[in-house]
Amino acid sequence: MTNPTVLSVHAPGRVNLIGEHTDYTGGLAFPMAIDRGTTLTATRHGSDLVLTSDDAPGRVEVTLPFEGDPSSLEPQWASFIAAVAAELGSTEGLEGHLRSDIPAGAGLSSSAALMCVIGLALGFEGSPLELAQHARRAEHAATGVPTGIMDQYCIAAAVAGHATLIDCAELSIEQVPVPDEIDIAVRFIAHRTLRGSSYSDRVDECARATSEVGPLRAATLDLVNAITDPIARKRARHVVSENQRVRDFADALRRADYPALGRLLRAGHASLRDDFDTSTPQMDAAVDELNATDGVFGARMTGGGFGGCVVAICEPGALQDAWIVTPSAGARVLPPGD
Ligand code: GLA
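The structure displayed is predicted, hence computed values, not measured ones. (Residues numbered from 1 in each chain as written. Predicted model: local features only at pLDDT ≥ 70, side-chain atom pairs only at ≥ 80, totals over all residues. Heavy atoms only, no water.)

1. Concerning the site of the ligand
(1) Moving on: In the vicinity of the ligand, the residues found are Arg14, Glu20, His21, Asp23, Tyr24, Thr147, Gly148, Met150, Asp151, Leu194, Tyr199 and Gly304.
(2) Moving on: Here an oxygen atom of the ligand and a side-chain polar atom of Asp23 are 2.5 Å apart.
(3) Moving on: Residue Gly148 places a main-chain N or O atom 2.9 Å away from an oxygen atom belonging to the ligand.
(4) Moving on: Coverage of the ligand by the protein chains reaches 98% of its 300 Å² of free accessible surface.
(5) Moving on: If you map the ligand onto the pockets, it falls in the largest pocket. (Near = heavy atom within 4 Å. Polar contact = N/O pair within 3.5 Å; in protein donor to acceptor, adjacent residues only side chain to side chain. Areas by Shrake-Rupley, 256 points an atom, 1.4 Å probe, with all protein chains shown as cover. 1 Å grid on protein atoms, 1.4 Å probe; cavity = no way out; pocket = protein on both sides within 12 Å on 5 of 7 lines; lining within 4 Å. Sits in = over half its atoms within 2 Å of the grid points.)

2. Some thoughts on the side chain of Thr22
(1) Moving on: Here Thr22 lies in the loop between strand E1 (6–18) and strand E2 (28–44).
(2) Moving on: A polar contact is formed between the side chain of Thr22 and the backbone oxygen of Leu28, at a distance of 2.7 Å.
(3) Moving on: Leaving out residues up to four positions away in the same chain, Thr22 has contacts with Gly27, Leu28, Ala29, Val239, Glu242 and Asn243. (Helix = DSSP H or I, 4+ residues; strand = E, 2+ residues; numbered from the N terminus. Contact = heavy atoms within 4.5 Å.)

3. Some remarks on the environment of Pro57
(1) Moving on: The residue Pro57 is located in strand E4 (residues 56–63) in this model.
(2) Moving on: For Pro57, a relative accessible area of 79% translates into the label exposed. (Buried < 20%, exposed > 50% of the residue type's maximum accessible area, 1.4 Å probe, protein only.)

4. Considerations on the nonpolar core
Most often, soluble globular proteins have nonpolar side chains that are buried together.
(1) Moving on: By size, the foremost hydrophobic cluster in this structure holds 81 residues, and its most contacted members are Val15, Phe30, Met32, Leu40, Leu49, Leu51 and Phe249.
(2) Moving on: Per-element tally for this core: the top contributor is helix H2 (residues 110–121), with 9 residues.
(3) Moving on: Two domains each donate at least three residues to this core, and these are domain 1 (6–177 + 328–333) and domain 2 (183–325).
(4) Moving on: Apart from residues lying up to four places away in sequence, Val15 is in contact with Pro31, Met32, Ile34, Leu108, Val186, Thr302, Val311 and Val325.
(5) Moving on: Judged by nonpolar contacts, the second largest core, of 31 residues, contains Cys206, Leu272, Leu290 and Cys314. (Core = buried A, V, L, I, M, F, W, Y, C linked by side-chain atoms within 4.5 Å. Domains from an automatic or database assignment.)

Structural data, given as structure tokens:
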């Protein structure tokens with residue numbers, strides 16, 4: 001009897017450089033896959049998904065095909081795995097072990113990385129966009145949180161050395177080179193989950209704004225200022241100004257204007273804090289501290305908010321006590337021996 005084929009699959013986490021809470025309104029987002037990720041080593045056999053993880057005791061077993069409600073499974077990573085298998089209609093099982101150096105609850109998309117890894121390990125062979133769409137639907141089924149496509153699309157499609165500019169209406173991407181003469185620094189400040197947070201409220205508030213003025217992607221700030229619902233008006237002001245910051249950020253990156261990048265990060269944070277209400281005093285303090293540090297061009301909270309990480313762009317070596325993340329390749333089956 002021959003040994004079953006050992007399969008290794010890796011997916012990176014991502015840090016969103018700018019373009020926060022724009023994806024589910026059909027806006028622009030500019031995340032970057034990082035050199036932290038999740039790797040699965042597995043063999044395909046049987047009709048059960050059997051997984052262990054460095055991060056959790058015990059093992060998760062899901063019998064395929066999975067047709068139940070994934071959100072009812074415990075622990076939560078079991079619901080993610082079952083949701084991907086259900087989404088792909090998988091019937092062939094695998095047994096494997098997960099390792100990850102993306103902390104959960106940090107806003108660095110550990111769940112999207114896990115879902116992309118499981119999708120590829122289950123034999124998914126479509127395009128990065130299709131993988132992202134499956135993973136996004138699976139995340140909705142597992143968590144009930146109506147997240148956008150930014151995380152999964154970046155993680156599925158990223159190219160080493162680049163950040164991924166995503167047009168969430170067209171579902172098109174442009175890979176923009178990231179110069180190595182700047183450091184992109186990430187600090188993990190506070191654990192959070194989007195389940196049970198005000199994330200879904202923000203999605204509803206943006207939908208209310210859209211029902212007054214049409215797609216926010218096409219709206220001007222003048223139009224937004226005429227929105228009658230004061231909360232919807234503030235949320236829309238963030239989205240419309242943030243879409244412009246993404247365009248300006250991509251332009252500044254292309255011409256290596258690092259002070260401009262820093263100013264855009266600072267303005268993006270102020271907008272999340274004052275108009276979108278997704279920051280916290282602890283995140284504000286962490287951003288303020290970075291902005292006052294020599295060699296830091298600018299910083300902001302990154303990800304869904306209510307905690308998580310801050311990201312800063314700085315001169316090389318300016319920050320010692322932060323992760324200096326490098327732009328990395330997207331989710332992939334690793335060649336044997338990697
Ligand atoms: C989370 C969601 C994304 C996006 C961000 C906020 O990461 O998964 O779809 O909405 O929050 O920009």
